[in-house]
Every structure is written in C-alpha cells, then in structure tokens.
Amino acid sequence: MCNLISLTKNCGTYVPAGLSTTLYLIPYDEITTWPSTRKEVVEAASGTPEYGDEKIFDEAFTLVSTTGLGYFRQIPILVNSSDLRDTLEGDIGGQKYVQRLDFQVQGSNSERLAFADCLLQSSGCLVPMIAGKDGLMHVLAKKDYPAHLEAAEGGPGGDLNAFTYTIYNDMGLTHMLYDANEHGITITPNA
C-alpha cells in the first residue's frame, strides 16, 4: 500500500504550464544502464528518502560507447505544439496510467520525411525526454518500458507544413522525471 500524504500549496509560487521546444530522443538499446531513482540513491547511502523520490532518476544514463551512437538526439518542435499527459485508463479495479506526448515538427523536406519513417521503424524502442517550462525534465520511458509511436500525420498541405506525432507509453504509473541539471544530457555522438 502506498503512503498517502497531505499536499501543501506554496502561495505565490509560479508553476508555468507548457513544454520546451526541444525534444530529446534516444533508441532504447543505446542505454546500457538505467539511472537509479533518487529513492534508491538515498537508501543506498543509508538515508531517508523524501516523498516523491521514487519518481526522479537521480544518476546519469549510461550509454553505449559505439562510435556514432550513445547520445540523445535533439528534435526541434514547434512552439506551443506539444502536450504531455498521464491518463488514467481502464475499468475500476484494473486501471493504470498511460502516457502520451503530442508534438509537431515543422517542414516536409526529405530530412523530415526520413525522420518520420525512422520514428515509425523505431516504435517500441524510443526513450523520449522533454523539459517543462517549470524546468523539470520529463521522461516517458523506463527500464523494460520503451515508448511507441502511436500516431503521425503531416505534410505540406493545409495551413501548416509540419508533421504531428503522438508518442505513447504504458508504464502503468505516471511518467518519470530526470535531474538533468545535476547529471546532464549527452547530446554528442561517440567519436
């Protein structure tokens, strides 16, 4: 059973909604060791974790050392086109949270079309991260739970020359956070 606590609100605390305009993606098999949660790190040091520490990855991702691999790809997305949500689904007694990230990538040139094809071929092998405007880095995957491409649509017609994507995961519980300020994000391929 979980430990249900009272939550408090800090009056005057600004909590902006929205996501950044950079999506980070890495293929699942380029992660060799997943980071421990803050709860695991604190308990390993014989400390007492705080409520919520089980939701934060508090070590760097260990990535493959293969030349040209082992890094998070940066994907520029259209401003205000993204939406991240954890949705409770299922019948009472069998409910779970599923995660969806909607975003748009502008353009339909050959690079953008090849990206759309690659995203489809990588479905079920994705690890996406995106920062919220509040500074928190949101991760839509964890060990044994890579993300999938659920929907994609786009092209040069209509009012917008872009592709709209939905990445989906079914981790059962809400998505994870990553302490990117402390542990960084590797964005350079191995030499």
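Before reading further, recall that the structure is shown in the block above.
Residues numbered from 1 in each chain as written. Predicted model: local features only at pLDDT ≥ 70, side-chain atom pairs only at ≥ 80, totals over all residues. Heavy atoms only, no water.

Caption draft 1: Quick peek at the packing of aromatic side chains. Following the criterion strictly, the structure yields nine aromatic pairs and no others. When the ring of Trp-34 is compared with that of Phe-61, the centres are 5.5 Å apart and the planes differ by 65 degrees; the resulting orientation is edge-to-face. One end of the pair, Trp-34, is in the loop between strand S2 (31–33) and helix H1 (38–44); the other, Phe-61, is in the loop between strand S3 (56–57) and strand S4 (62–63), with 27 residues separating them in the sequence. Residue Trp-34 is classed as buried on the basis of its relative accessible area of 12%. Where Phe-115 meets Tyr-165, the ring centres are 5.8 Å apart and the plane angle is 90 degrees; that geometry is what we call edge-to-face. Of this pair, Phe-115 sits in helix H2 (residues 110–121) while Tyr-165 is found in strand S11 (residues 162–172), placing the two residues 50 residues apart along the sequence. The class for Tyr-165 is buried, based on a relative accessible area of 0%. Aromatic rings pair up to connect Tyr-28, Trp-34, Phe-57, Phe-61, Phe-72 and Tyr-178 into one cluster. Over the face of the ring belonging to Tyr-71 we find Arg-73, whose NZ or CZ atom lies 4.1 Å from the ring centre. (Phe/Tyr/Trp six-rings, centres within 6.5 Å; stacked < 30°, edge-to-face > 60°. Helix = DSSP H or I, 4+ residues; strand = E, 2+ residues; numbered from the N terminus. Buried < 20%, exposed > 50% of the residue type's maximum accessible area, 1.4 Å probe, protein only. Lys NZ or Arg CZ within 6 Å of the ring centre and 35° of its normal.)

Caption draft 2: Geometry of the side chain of Ser-108. Tracing the backbone shows Ser-108 in the loop between strand S7 (96–106) and H2. Among the polar contacts made by the side chain of Ser-108, one reaches the side chain of Asn-161 at a distance of 2.9 Å. If we skip the residues at most four places from it in the chain, Ser-108 touches Leu-113, Gly-155, Pro-156, Asn-161 and Phe-163. (Polar contact = N/O pair within 3.5 Å; in protein donor to acceptor, adjacent residues only side chain to side chain. Contact = heavy atoms within 4.5 Å.)

Caption draft 3: Structural context of H2. For H2, spanning twelve residues, the distance from its first C-alpha to its last is 17 Å, which sits close to the expected 16 Å at 1.5 Å a residue. Sitting at the amino-terminal end of H2 is Asn-109, which places a side-chain oxygen 3.2 Å from the backbone nitrogen of Glu-111. (Expected span 1.5 Å × (residues − 1).)

Caption draft 4: Here's a closer look at unusual backbone geometry. One non-glycine residue, Asn-80, lies in positive phi territory at about 60 degrees. With respect to the element layout, Asn-80 can be found in the loop between strand S5 (73–76) and strand S6 (83–89). The exposed category is assigned to Asn-80, whose relative accessible area is 65%. Phi at Asp-144 is positive, roughly 70 degrees, even though this residue is not glycine. Inspection of the secondary structure puts Asp-144 in the loop between strand S9 (137–139) and strand S10 (148–155).

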